[in-house]
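Chain and residue survey
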Amino acid sequence: MTTLQVCFSYFAGMIILLSVFVVTTKNPVHSILCMLVLFVHIAALYLFLNAEFLAAIQIIIYAGAILVLFLFVIMLLNLRREETERKFHKQWPVNIIIVGIFMIFIASILAKITVIPEPGRYSVSFIQSEGSLRTVGKVLYTEYLLPFEIASVILLIAIVGAVVLAKKKL
Amino acid sequence: MVPLSWYIVLSAVVFSIGVFGFITRRNLIIIFISVELMLNAVNISLVSFSHYLQSMRGQMLAFFVITVAAAEAAIGLAILISFYRHNPTIKSDEINLLKG
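Residues numbered from 1 in each chain as written. Chains lettered and ligands numbered in written order. Predicted model: local features only at pLDDT ≥ 70, side-chain atom pairs only at ≥ 80, totals over all residues.

Describing the overall build of chain B
If you tally the helices and strands in chain B, you get three helices and zero strands. Going from the N terminus to the C terminus, chain B shows its helices and strands as α-α-α. In terms of overall dimensions, chain B is more spread out than a globule: its C-alpha atoms have a radius of gyration of 17 Å, far above the 13 Å expected for 100 residues. Along the longest, intermediate and shortest principal axes, the C-alpha atoms of chain B span 55 × 25 × 20 Å. Look at the contacts in chain B between residues 6 or more apart in sequence, and 48% of them connect residues 24 or more apart. (Helix = DSSP H or I, 4+ residues; strand = E, 2+ residues; numbered from the N terminus. Rg over C-alpha atoms; globule rule 2.2 N^0.38 Å. Contact = placed C-beta atoms within 7 Å.)

Below you can see the structure in the form of structure tokens.
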């Protein structure tokens, strides 16, 4: 195994372990803190994949905005009573069997996947010479201009919707 | 060089763990976090395909997935808070107003 594969194995193992912690810990605050460490590891995987800007976005948006939003909601709802109750549905053994079958099925299919190495325009050397941010910006503002505008409309709707839904009198 | 299939299998495993949390937990906040986990798993596979096919499409799609995830979290948590005012519980099996 090369050094890169050893590093990948560390990050993959940590990601799987932390995602198991996220869905099984009792306290939602602990779950969210596990999620924070998980996001940092996923950002490190993006650095392996030559996507530096996406790694920065992952840290800033997910760890900086979305998780803080979750923490605020936990702070607003007073959940002391709920911590003493059981955390899973009664049907959890059936669920774990179904999810296990699903996981084995999909992973055994996807493990055989191979990509015909097709020399595209955005090779590693091209991105490294141009810079990740410049490449992303050029593609985003030319080829993907319409989806970019639609994304801004989606964010506007989200802002308005969140304000309207959280008002005292609906 | 790490093979592409490793990334895809990692993405499948994390997605399955997210599905497990989504269908099994009773706490609505953890259900939302499981949705975020699934979206992140999809992002890993998109970015790895983008790297191995030497194209920017996967990365662009990952940006829009992150945007939609942020919007979804904001709206979902607002719905959760406005629900909690009427009916102070966040256990998914105690929310049974539509049950026949």
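Read on, since the account is not over.
Overview of the overall build of chain A
The secondary structure content of chain A amounts to seven helices and zero strands. Reading the helices (α) and strands (β) of chain A from amino to carboxyl end gives α-α-α-α-α-α-α. Since a compact globule built from 170 residues should have a radius of gyration of about 15 Å, the 21 Å found for chain A marks it as more spread out than a globular shape. Seen through its C-alpha atoms, chain A measures out along the principal axes to roughly 55 × 45 × 25 Å. In chain A, once contacts between residues fewer than 6 apart in sequence are set aside, the share between residues at least 24 apart is 47%.

Some details on the domain arrangement of chain A
How big an interface is tends to be expressed through the accessible area that disappears when the partners come together. Residue and element names in this part refer to chain A. Each assigned domain of chain A is listed here: domain 1 (1-112) and domain 2 (124-170). One C-alpha centre belongs to domain 1, the other to domain 2; they are set 24 Å apart. Listed by partner, the interface residues are four residues for domain 1 and five residues for domain 2. Counted by class, the side of domain 1 that touches domain 2 contains two nonpolar, one polar and one charged residues. (Domains from an automatic or database assignment. Nonpolar A, V, L, I, M, F, W, Y, C, P; charged D, E, K, R; others polar.)

Considering the packing of helix α2 (residues 28-48) of chain A against helix α3 (residues 52-76) of chain A
Residues and elements named next belong to chain A. Where α2 contacts α3, the two axes come as close as 8 Å, and the packing angle between them is 175 degrees. In terms of orientation, α2 lies roughly antiparallel with respect to α3. Contacts between α2 and α3 involve Pro-28, Val-29, Ile-32, Met-35, Leu-36, Phe-39, Val-40, Ile-42, Ala-43, Tyr-46 and Leu-47 on the former and, on the latter, Glu-52, Leu-54, Ala-55, Gln-58, Ile-59, Tyr-62, Ala-63, Leu-67, Phe-70, Leu-71 and Ile-74. Residues that form the contact of α2 with α3 fall into these classes: 20 nonpolar, one polar and one charged. (Axes fitted to C-alpha atoms, helices over the stretch in contact; angles between N-to-C directions. Parallel < 35°, antiparallel > 145°, perpendicular 65-115°, else oblique.)

Some words on the environment of Gly-21 of chain B
Following the sequence through the fold, Gly-21 of chain B ends up in helix α1 (residues 4-24). When the 26 C-beta atoms within 10 Å are taken as the criterion, Gly-21 of chain B is described as buried. As for Gly-21 of chain B and Ile-33 of chain B, which are separated by twelve residues in sequence, their C-alpha atoms are 8.6 Å apart. Excluding residues that lie within four positions of it along the chain, Gly-21 of chain B makes contacts with Val-23 of chain A together with Ile-30, Ser-34 and Leu-37 of chain B. (Buried ≥ 20, exposed ≤ 12 C-beta atoms within 10 Å, placed from the backbone.)

Points about the interface of chain B and chain A
Each partner contributes residues to the interface: chain B has 60 residues there, and chain A has 67 residues. At the level of secondary structure, the elements contributing two or more residues to the side of chain B that touches chain A comprise α1, α2 (28-52) and α3 (57-86) of chain B. The element best represented in the side of chain B that touches chain A is α3 of chain B, accounting for 20 residues.

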